[in-house]
Amino acid sequence: MADIGDDLPRALPPLWLPLVAGIPLAVCLLLIALPNIGHGLATASRILFLPSFLLWLLPLTLLQRALWRRRSSAPITVAVLLATTAAMALCVRLGVTVLAAAMNESAPQGVNWLYVVRGLEGPWLPLIAYCALHAVVNYYAQFRSERERRIEAQALAREAELLALRYQLQPHFLFNTLNAISSLMANDRPRQAQQMLSRLGEFLRATLDGARGHEVSLADELSLTEAYLDIEQARLGERLRLQWNFGPDLLAARVPYLLFQPLVENAIRHGIAPRSEPGRLDIRVEARDGQLHIDAINDVPQGADAIVRRSDDGTALGLRNTRQRLEKLYPGAHAMDAGLDADGRYRVHLRIPLRSDAAEAGA
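Anyway, here's the lowdown on the structure attached to this text. (Residues numbered from 1 in each chain as written. Predicted model: local features only at pLDDT ≥ 70, side-chain atom pairs only at ≥ 80, totals over all residues. Heavy atoms only, no water.)

1. A look at the nonpolar core
Condition: We define a nonpolar core as any set of buried Ala, Val, Leu, Ile, Met, Phe, Trp, Tyr and Cys residues linked to one another through side-chain atoms lying within 4.5 Å. Accessibility here uses a 1.4 Å probe with only protein chains present; expressed as a share of the type maximum, an area under 20% marks a residue as buried, one over 50% as exposed, and anything in between as partly exposed. We count a stretch as a helix when DSSP gives it H or I for four or more residues in a row; a strand needs E for two or more, and each element gets its number in order from the N terminus. Note on contacts: a residue pair is in contact if any heavy atoms of the two residues lie within 4.5 Å.
Core analysis: the biggest nonpolar cluster contains 46 residues, and Val 255, Leu 281, Leu 292, Ile 294 and Leu 350 have the highest contact counts within it. When residues of this core are traced back to their parent elements, those giving at least two are α6 (121-186), α7 (190-207), α8 (218-236), α9 (260-272), β4 (279-288), β5 (291-298), α11 (317-329) and β7 (346-353). Considering every element that reaches this core, the biggest residue donor is α8, with 8 residues. For Leu 350, the contacting residues outside a window of four places in its chain are Leu 259, Leu 263, Leu 292, His 293, Ile 294, Thr 322, Leu 326, Ala 335 and Met 336. Formed by 10 residues, the second largest nonpolar core is a distinct cluster that contains Ala 26, Phe 53, Leu 57 and Cys 131.

2. Observations concerning the layout of surface pockets
Rolling a probe over the atoms, with the probe sized like a water molecule, indicates the empty space that remains. Put simply, the rule reads: Site definitions follow a grid-based scheme: protein atoms alone, a 1 Å grid, a 1.4 Å probe that fits but cannot get out for cavities, and for pockets an open set with protein on both sides within 12 Å along at least five of seven lines, plus lining residues having an atom within 4 Å of a point. Grid points are joined across faces, edges and corners, and a volume is the space filled by probe spheres set on the points. Only Asp, Glu, Lys and Arg are considered charged in this grouping, and only Ala, Val, Leu, Ile, Met, Phe, Trp, Tyr, Cys and Pro are considered nonpolar; every other residue, Gly among them, is considered polar.
Roughly 340 Å³ of volume is contained in the largest pocket. Lining the largest pocket are 18 residues, and of these Gln 64, Thr 77, Val 78, Leu 81 and Ala 135 lie nearest its centre. If you list the elements that add at least two residues to the lining of the largest pocket, you get α3 (41-69), α4 (74-103) and α6. Counted by class, the lining of the largest pocket contains 11 nonpolar, 6 polar and 1 charged residues.

3. Overview of the pattern of salt bridges
For clarity, the threshold we go by: Any Lys or Arg side-chain nitrogen found within 4 Å of a carboxyl oxygen on Asp or Glu counts as a salt bridge.
A full pass over the atoms with the stated rule returns 9 salt bridges. Ionic pairing is found between Asp 282 and Arg 280, a salt bridge with its closest N-O pair at 2.8 Å. Under the relative-accessibility criterion, Asp 282 is labelled buried at 2%. Here Arg 280 falls in the partly exposed class, since its relative accessible area comes to 32%. With a closest N to O distance of 2.7 Å, Asp 299 and Arg 345 form a salt bridge. In this pair, Asp 299 sits in the loop between β5 and α10 (305-312) while Arg 345 sits in the loop between β6 (335-340) and β7, placing the two residues 46 residues apart along the sequence. According to the relative accessible area criterion, Asp 299 is buried, its value standing at 16%. You can call Arg 345 buried: its relative accessible area is 10%.

4. A word on the pairing of β7
This is how the line gets drawn: Strands qualify as paired when DSSP identifies two bridges or more between them.
Among the 8 residues that make up β7, 6 are buried, leaving the element largely enclosed by the rest of the structure. Bridge count between β5 and β7: 8 bridges; the pairing is antiparallel. Bridging across to β7, Ala 296 finds its partner in Val 348. Pairing between β6 and β7: 6 bridges, direction antiparallel. Paired with Met 336 across the bridge in β7 is Leu 350. Connecting β6 to the antiparallel partner β7 that follows it, the hairpin turn spans 5 residues, and Gly 344 within it adopts a positive phi of roughly 85 degrees.

5. Digging into the sheet that holds β7
Keep this limit in mind: Lines fitted to C-alpha atoms define the axes, with helix axes restricted to the stretch in contact, and inter-axis angles between N-to-C directions lie between 0 and 180 degrees.
The sheet built from 5 strands is open, its strands ordered β2-β4-β5-β7-β6 with mixed pairing. Edge positions in the sheet fall to β2 (240-246) and β6, since each of these pairs with one other strand and no more. Recorded for the sheet is a direction-independent mean angle of 10 degrees between the axes of neighbouring strands. Along the sheet, α8 contacts β2 and β4; its crossing angle with β2, the most-contacted strand, is approximately 165 degrees.

6. Remarks on the packing of α8 against α9
We apply this condition: Convention used here: angles under 35 degrees read as roughly parallel, angles over 145 as roughly antiparallel, angles from 65 to 115 as roughly perpendicular, and any remaining angle as oblique. Note: crossing handedness is left-handed where the near helix turns anticlockwise from the far helix by less than a right angle, and right-handed where it turns clockwise.
Contact pair α8 / α9: the axes reach a minimum separation of 9 Å and the direction vectors enclose 25 degrees. Considering the angle they form, α8 stands roughly parallel to α9. Classified by chirality, the crossing of α9 by α8 is right-handed. Packed against α8, whose contacting residues are Leu 218, Glu 221, Leu 222, Thr 225, Tyr 228, Leu 229, Glu 232, Arg 235 and Leu 236, the element α9 presents Phe 260, Gln 261, Val 264, Glu 265 and Ile 268 at the interface.

7. Some thoughts on α9
Counted residue by residue, α9 has 12 buried out of 13 residues, so it is predominantly covered. Every buried residue of α9 is accounted for by Phe 260, Gln 261, Pro 262, Leu 263, Val 264, Glu 265, Asn 266, Ala 267, Ile 268, His 270, Gly 271 and Ile 272.

8. Quick look at the packing of α9 against α11
The interhelical angle for the contact between α9 and α11, taken along N-to-C directions, is 155 degrees, at an axis separation of 8 Å. The pairing of α9 with α11 is recorded here as roughly antiparallel in orientation. Judged by the twist between their axes, the crossing of α9 over α11 is left-handed. Packed against α9, whose contacting residues are Pro 262, Leu 263 and Asn 266, the element α11 presents Gly 318, Leu 319 and Thr 322 at the interface. Residue composition of the contact of α9 with α11, grouped by class: 3 nonpolar, 3 polar and no charged.

9. Observations concerning a nonpolar patch on the surface
Stated precisely, the cut-off is as follows: Patch members must show over 30% relative accessible area and no salt bridge, and they are joined within 9 Å when carrying like charges or within 5 Å when they are nonpolar side chains of Val, Leu, Ile, Met, Phe, Trp or Tyr. Only the protein chains shown count as cover for residues, and all accessible areas are computed by the Shrake-Rupley method using a 1.4 Å probe.
A cluster of nonpolar side chains, namely Trp 16, Leu 17, Val 20, Ile 23 and Val 27, defines an oily patch on the protein surface of about 450 Å² accessible area. Of all the elements in the fold, those that place two or more residues in the nonpolar patch are α1 (16-21) and α2 (23-33). Ranked by residue count, the leading element in the nonpolar patch is α1, at 3 residues. Of note, Val 20 is situated in helix α1. According to the relative accessible area criterion, Val 20 is partly exposed, its value standing at 43%.

Structure follows, in structure tokens:
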């Protein structure tokens, strides 16, 4: 099967680049001619190589670029270039033959082909060397183009995966919230249901805003999380107790969009909601050693080992989604752990690079 890249046009360097790269070869020809100064025909022939070499550079470059654009196979390209450069070198040697006859002040009596062919390597090798140098420049341009295209394709794939993970959260959250509203209505609590619908509208307007990137400030993320917690508070009432702990100097820190919502949803749904008595949810954010450490710690119901094992196995959608998003956003620069603490509470700990809006603006 042909590679998709085979259907794309080959990248070529600017026309001037291989011509400039040929300058060292021209300098070498000039240096080779210096020891022959004062030796009559040898000096003239060596000096003649330089202007003839410069004369052939442009047509040889155009020919090689044309072969590259036509995607000619390597054997055909090599054969065409060898034949062309041989013809160019032959022309130079014929010029040297004419020059030799002129310096002897006698009209040439035919062409001495043995003399012409014997010195053919002199002008031919620099032309072949230039073709090889031009090929290196072309292949380097192709390599850079392929690498940039692959990087762009990987970035687009990563963007699509992040968007898919992000959109996965919204219907999941909406389904759970509508179930909660239905439960409130069934229990004859219309005022709480109305309040919940109002906060749900505000939350959805914020989460469906397509202008947001994959990272937002901690202040914006906390505002979204509070809107979600208000919904859960309306459902659970005094059974849900919240405690926040974060420094005011961290409000500009960048965090993944909708990072907290699946964490607190998992804590409430699997930890606090099943309890018969009130439960506490602690959210802590602190900076240490250039990293942002985030903890969501919640009480669990008695005998909740099965629920905890299910969350630890990564089958809970919110935690699995969060783990996948962190792997895409911060490959090799993040950590996520979840499990029971020594005090019997369930903890989700995240570590991500510490970046802030202020730092990016000053960069």
